[in-house]
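This is what each chain is made of:
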Amino acid sequence: MIDGVKIVLEIFVLTTVFSIPLGILVAFLRLSKSKVARSITGFYIWIMRGTPLLLQMMFLYYGLPIVSQKLVFNQMTIALFAFTVNYAAYYAEIFRSGFMSIDKGQFEAAQVMGFDKITMYRRIILPQVFKRVLPPVSNELINLVKDTSLVYILGLNDLFRIALIASNREVSFMPFVYVAIIYLVMTGLLTKILSMLENKYSYYN
């Protein structure tokens, strides 16, 4: 079970670290003036959100080697890549709506005051965007913890696969109960941390 928890935490942390910045980048491209950038990112989001994450992992793990033997990767690499590009699509739409919710007058005021774009986003826009998108981002993070159970299809020894093996060996349902308790504890702790983070940004209300 401890080994399974390590895999869950590794996938959760690395996916979060990579997918949120990628999602913000895609959100910027979706809002750009380039029709090509908007079309490409729109198609990417449609594919990622329109197909199951489980199917995406299976395609990458079993389908890529059929295309080329050079496209063979280990299970963890496939899992991290699939989770990152999948969740980045959801984060992109969340952050896009966050940016669109900011009044245009704030952008104009920042330009009049002489702020460059980097300073404007870092000091004025992004703090407000993060405050507004924190609830939906929190929901995605909690979903991410639970979705890590899907990696069992790749043969990774996550909590679910360990419980399945233990249940078959011991002819008992209790391993699944233990796994449920572990997931409840992890999501409970994460919910508490995210709630504290929301309170930190509450001064923007």
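The rules behind these values
For every chain, the first residue of the written sequence is number 1, and numbering continues from 1 onward in sequence order. Per-residue local features of the predicted model are confined to residues with pLDDT of at least 70, and side-chain atom pairs are confined, for both listing and counting, to 80 or more; whole-chain, interface and lining totals are unaffected and use all residues. As a rule here, side-chain values cover all heavy atoms of the structure and leave hydrogens and water aside. Think of a patch as exposed residues, more than 30% relative accessible area, with no salt bridge, where like charges cluster within 9 Å and nonpolar side chains (Val, Leu, Ile, Met, Phe, Trp, Tyr) cluster within 5 Å. For the accessible areas, the method is Shrake-Rupley and the probe is 1.4 Å, while residue cover comes only from the protein chains on display. Here, a salt bridge means any side-chain nitrogen of Lys or Arg that lies within 4 Å of a carboxyl oxygen of Asp or Glu. Runs of E in the DSSP output that reach at least two residues are strands. Runs of H or I that reach at least four are helices, and both are numbered from the N terminus. Three labels apply to residues, based on accessible area from a 1.4 Å probe with only protein chains included: buried if under 20% of the type maximum, exposed if over 50%, partly exposed otherwise in between. Stacked, edge-to-face and tilted labels apply to pairs of Phe, Tyr and Trp rings (six-membered ring for Trp) whose centres lie within 6.5 Å, assigned for plane angles under 30 degrees, over 60, and everything in between, in that order.

A few points about a nonpolar patch on the surface
A cluster of nonpolar side chains, contributed by Met-1, Met-174, Tyr-178, Ile-181, Val-185 and Leu-189, occupies part of the molecular surface with about 560 Å² of accessible area. Relative to the helices and strands, Leu-189 is located in helix H8 (residues 174–200). A relative accessible area of 54% places Leu-189 in the exposed class.

A few points about the packing of aromatic side chains
Scanning the model with the defined rule gives 12 aromatic pairs in all. Taking the centre distance of 6.0 Å and the plane angle of 50° together, the rings of Phe-160 and Phe-176 count as tilted. Of this pair, Phe-160 sits in helix H7 (residues 159–170) while Phe-176 is found in helix H8, placing the two residues 16 residues apart along the sequence. Residue Phe-160 is classed as partly exposed on the basis of its relative accessible area, which comes to 29%. Summarising the aromatic geometry, the rings of Phe-173 and Phe-176 are spaced 5.4 Å apart at their centres and angled 40° between planes, so their arrangement reads as tilted. Exposure remark for Phe-176: the relative accessible area of 21% places this residue in the partly exposed category.

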